[in-house]
Amino acid sequence: MAHGTGRMTEGSIPRHIVSFALPVFLGQLFQQLYNVVDALVVGNVLGPEALAAVTSSGSLIFLLVGMFNGIFIGAGVVVSQYWGARDEEHVFQAVHTMLAFGLIAGAVLTGIGVALTPTILRWMGTPEEVMPNSVLYFRIYFGGVLTIILYNVSNGIFQAVGDSRHPLYFLIVSSCTNVLLDLLLVAVCGFGIAGAAIATVISQGVSALLGLRRLHHATEAFRLDWKKVRFHPGMLGQILKMGIPSGVQNSIISLANIVVQSHINSFGALAMAGSGAYAKVEGFGFLPVTSFSMALTTFIGQNLGARRHDRVKKGARFGVLACACMSELLGLLIYWLIPTLIAAFNDTPEVIAYGTLHARTTTLFYFLLAFSHAMAGVFRGAGKSVVPMTVMMVCWCFIRVTYITLAVPMPPLPDTDIRTLFACYPITWTLSSIAFTVYYFKADWLHAYDRAQEARAA
């Protein structure tokens with residue numbers, strides 16, 4: 001077996017989960033660092049309005065990219081289950097079907113993103129002083145979105161087969177490239193917002209090329225043969241069945257967050273800049289969430305594929321607990337340091353005040369956010385991706401939007417406290433955690449893979 005890949009069906013459960021999660025954690029750390037560099041350079045060189053244009057981008061990007069990324073998560077589960085079952089033919093078919101879908105998704109997203117960016121930004125209530133920079137940033141970003149899609153495809157394949165180290169190497173190179181290009185294009189050459197967007201697209205392109213090159217030179221069943229890139233019969237259906245619920249979940253959550261962002265926008269550009277700066281800091285709090293939920297999805301998928309039910313629940317318990325504890329520690333650290341961290345992006349007192357209010361309303365509840373995502377990773381690895389989709393659709397979309405609509409009118413009344421808006425996050429994290437706990441103990445999710453295989457065989 002080539003260096004970097006592995007099956008998680010034998011040996012120490014904590015060692016497998018941590019050794020998989022750690023490179024993902026470090027890779028996401030580098031990615032978050034270059035996202036922060038974008039904001040630091042823009043905020044300090046171009047000012048708070050340009051910072052608002054860049055940092056308010058997350059919800060819109062996740063809305064348009066999230067559906068396809070969710071499908072790639074589903075495809076990764078299919079690969080991990082076949083990899084655990086040592087079914088090399090189906091691993092090969094899943095990899096090439098996944099890449100074919102990624103190429104089409106990239107083309108579709110480019111057209112949608114470039115054409116609809118101004119319309120969506122207006123729906124979000126983006127202030128007029130921020131609109132020109134926002135439109136320019138998004139159009140350049142979506143002009144190169146194929147590179148981001150292809151990176152996510154290759155990254156998903158590596159993680160499905162237990163290799164979280166190569167994506168780390170690629171992200172380190174990409175992050176360094178982004179930092180250098182940010183400084184060159186924005187701070188030195190004076191390209192403004194366009195320079196920040198170009199730096200992001202080029203750096204993502206570098207990581208995509210490195211990932212595809214590694215896949216092409218692999219010797220295992222997941223080796224990429226460009227001549228075989230197509231929709232293999234039956235495989236696309238499996239990928240979509242597993243992936244569409246995750247994609248819908250991503251899009252639904254992003255729609256709800258766009259509603260939240262629209263209400264933040266109604267408080268003005270300084271509120272946008274403060275909350276946007278906090279969002280960059282919050283990304284560090286998500287590091288254990290992302291790394292352990294990915295590790296759990298791969299671990300659960302491989303062990304169910306190998307029919308190692310004895311290992312599945314032990315791994316789920318360890319991974320969920322580790323994820324929640326690490327996230328809460330980071331939340332406490334951010335709570336303490338947040339005024340200084342926000343000031344690094346922009347030292348306008350109002351920007352610091354808004355960012356601090358946002359952080360200190362949510363960070364103490366990171367353990368609930370982590371718990372929900374980790375449980376979603378468990379059920380997704382078991383092939384029950386409809387479960388996290390349903391829970392998050394109800395809790396993080398319907399209830400969140402209903403709460404915001406009732407509690408925070410638009411435009412806000414003069415005495416409206418923006419913390420009432422920020423409270424929507426811990427409230428809905430609590431509800432989703434309760435729902436996942438009930439399902440974990442009451443439902444027979446452990447044998448979902450076995451039943452699916454029996455149905456296909458019949």
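Position numbers for residues count from 1 along each chain, tracking the sequence in the order it is written. It should be noted that, the model being predicted, local features are given only for residues of pLDDT at least 70 and side-chain atom pairs only at 80 or more, the latter also being counted only at that level, while totals for whole chains, interfaces and linings use all residues. No hydrogens and no water enter the side-chain calculation; it runs on all heavy atoms of the structure.

A. Local environment of the overall build of the protein. Helix numbering and strand numbering both begin at the N terminus, where a helix is a DSSP run of H or I of at least 4 residues and a strand a DSSP run of E of at least 2. Within the protein one finds 18 helices and zero strands. For the radius of gyration, the atoms used are the C-alpha atoms, and the globule rule reads 2.2 Å times the number of residues raised to 0.38. Computed over the C-alpha atoms, the radius of gyration of the protein is 21 Å, within 12% of the 23 Å expected from 2.2 N^0.38 for a compact globule of 458 residues. Projecting the C-alpha coordinates of the protein onto the three principal axes gives extents of approximately 65 × 50 × 35 Å. The rule is simple: take the accessible area with a 1.4 Å probe, protein chains only, and divide by the maximum for that residue type; under 20% is buried, over 50% is exposed, in between is partly exposed. Here the protein holds 458 residues, and the buried ones make up 59% of them. Of the contacts made within the protein by residues no fewer than 6 positions apart, 85% connect residues no fewer than 24 positions apart. Counting only carbon and sulfur atoms, one obtains 68% of the accessible surface of the protein, whose full area is about 17,300 Å². Contact definition: two residues touch when any of their heavy atoms are within 4.5 Å. Areas reported as accessible are Shrake-Rupley estimates using a 1.4 Å probe. Residue values count occlusion only from the protein chains shown.

B. Quick peek at the nonpolar core. Membership of the largest hydrophobic core comes to 64 residues, with the highest contact counts inside it found for Ile300, Val378, Phe379, Leu421, Phe436 and Trp445. Core analysis: the second largest hydrophobic core is formed by 58 residues, Val41, Tyr137, Phe142 and Tyr151 among them. We define a nonpolar core as any set of buried Ala, Val, Leu, Ile, Met, Phe, Trp, Tyr and Cys residues linked to one another through side-chain atoms lying within 4.5 Å.

C. The arrangement of the packing of helix α5 (residues 131-143) against helix α8 (residues 192-216) in detail. Contact geometry for α5 and α8: axes closest at 9 Å, N-to-C directions at 20°. Comparing the axis directions of α5 and α8 gives the class roughly parallel. α8 is crossed by α5, and the crossing has right-handed handedness. Judged by residue contacts, Asn133, Leu136, Tyr137, Ile140 and Tyr141 of α5 engage Ile193, Ala194, Ala196, Ala197, Ile198, Thr200 and Val201 from α8. The axes are straight lines fitted to the C-alpha atoms, using for helices just the contacting stretch, and the angles between their N-to-C directions are given from 0 to 180°. To sort the angles, those under 35 degrees are grouped as roughly parallel, those over 145 as roughly antiparallel, those from 65 to 115 as roughly perpendicular, and the leftovers as oblique. Note: crossing handedness is left-handed where the near helix turns anticlockwise from the far helix by less than a right angle, and right-handed where it turns clockwise.

D. Region of the structure containing the packing of aromatic side chains. Each Phe, Tyr or Trp ring, with Trp reduced to its six-membered ring, pairs with another whose centre is within 6.5 Å; inter-plane angles below 30 degrees give stacked pairs, above 60 give edge-to-face pairs, and intermediate values give tilted ones. A full pass over the atoms with the stated rule returns 13 aromatic pairs. The interplanar angle of 80° and the centroid separation of 5.1 Å between the aromatic rings of Tyr440 and Phe441 together place this pair among those described as edge-to-face. Classification of Tyr440 as buried rests on a relative accessible area of 8%. The class of Phe441 is exposed, set by a relative accessible area of 63%. Every member of this aromatic cluster is reached through a ring pair, and the members are Phe379, Phe436, Tyr439, Tyr440, Phe441 and Trp445. Put simply, a charge is over a ring when the Lys NZ or the Arg CZ is close to the ring centre, within 6 Å, and near the line of the ring normal, within 35 degrees. Residue placement shows Lys313 over the ring face of Tyr440; its charged tip is 5.7 Å from the ring centre. The ring of Tyr335 carries the charged tip of Arg360 above its face, separated from the ring centre by 5.0 Å.

E. Just helix α7 (residues 165-188), in detail. For a helix, the expected span equals 1.5 Å multiplied by the residue count minus one. Helix length check: α7 (24 residues) gives 34 Å between terminal C-alpha atoms against 34 Å at 1.5 Å per residue, within 8%. Those residues of α7 not exposed but buried are His166, Pro167, Leu168, Phe170, Leu171, Ser174, Ser175, Asn178, Leu181, Asp182, Leu185 and Val186. Packed against the buried residues of α7 are α1 (13-45), α6 (145-160) and α8. Downstream of α7 by a residue or two, Gly190 has a phi angle that is positive, lying close to 70°.

F. View of the pattern of salt bridges. The term salt bridge refers to a pairing of a side-chain nitrogen on Lys or Arg with a carboxyl oxygen on Asp or Glu at a separation within 4 Å. In total, this model carries two salt bridges according to the counting rule given. Close ionic contact of Asp310 with Arg308 constitutes a salt bridge, the shortest N to O distance being 3.2 Å. Given a relative accessible area of 27%, Arg308 falls into the partly exposed group. Note that Arg419 and Asp417 form a salt bridge whose closest N and O atoms lie 2.8 Å from each other. Given a relative accessible area of 42%, Arg419 falls into the partly exposed group. By relative accessible area, which is 30% here, Asp417 ends up partly exposed.

G. Representation of the side chain of Ser246 in the model. For Ser246, the position within the fold is in helix α9 (residues 235-265). Owing to a relative accessible area of 1%, Ser246 belongs among the buried residues under this scheme. Residues adjacent in sequence count toward polar contacts only when both atoms are side-chain atoms; beyond that, a polar contact is any pair of N or O atoms within 3.5 Å, and within protein one must be able to donate a hydrogen and the other to accept it. A polar contact of 3.2 Å, which involves the side chain of Ser246, links it to the side chain of Arg380. Excluding anything up to four places from it in sequence, Ser246 contacts Gly70, Ile73, Arg380 and Ser385.

H. Seen up close, the packing of helix α12 (residues 309-345) against helix α13 (residues 349-362). It is at 9 Å that the axes of α12 and α13 come closest, and there the two elements cross at 150°. Between α12 and α13, the angle falls in the class roughly antiparallel. Crossing of α12 over α13 shows right-handed handedness. Side by side, α12 and α13 meet where Tyr335, Trp336, Ile338, Pro339, Ile342 and Ala343 of the first sit next to Val351, Ile352, Gly355, Thr356, Ala359 and Arg360 of the second. Taken together, the residues of the contact of α12 with α13 break down into nine nonpolar, two polar and one charged. Ten residues, namely Ala, Val, Leu, Ile, Met, Phe, Trp, Tyr, Cys and Pro, are considered nonpolar, four, namely Asp, Glu, Lys and Arg, are considered charged, and the remaining ones, Gly among them, are considered polar.

I. Representation of a nonpolar patch on the surface within the structure. A patch is a set of surface residues, each over 30% in relative accessible area and not in a salt bridge, joined within 9 Å for like charges and within 5 Å for the nonpolar side chains Val, Leu, Ile, Met, Phe, Trp and Tyr. A surface patch of nonpolar side chains, amounting to about 380 Å² of accessible area, comprises Ile104, Val108, Ile112, Leu116 and Phe231. Here Val108 is to be found in helix α4 (residues 88-123).

J. The side chain of Thr428, seen in detail. For Thr428, the location among the structural elements is in helix α17 (residues 424-442). Overall, Thr428 belongs to the buried group, its relative accessible area being 1%. There is a polar contact of 2.9 Å between the side chain of Thr428 and the side chain of Arg400. If we skip the residues at most four places from it in the chain, Thr428 touches Cys395, Trp396, Ile399 and Arg400.

K. Spotlight on unusual backbone geometry. The backbone phi angle of Arg86 is positive, close to 60°, even though this residue is not glycine. The topology assignment puts Arg86 in the loop between α3 (58-84) and α4. Relative accessible area serves as the criterion here: at 53%, Arg86 is assigned to the exposed category. In the Ramachandran plot, Arg307 falls in the positive-phi region, its phi being about 60° despite a non-glycine side chain. Locating Arg307 in the fold gives a position in the loop between α11 (287-305) and α12.

L. Molecular detail of the environment of Ile427. Of note, Ile427 is situated in helix α17. Relative accessible area serves as the criterion here: at 37%, Ile427 is assigned to the partly exposed category. In the structure, Ile427 is positioned 104 residues away from Cys323 in sequence and 20 Å away in space, judged by C-alpha atoms.

The values reported here are purely geometric and, on their own, carry no functional implication.
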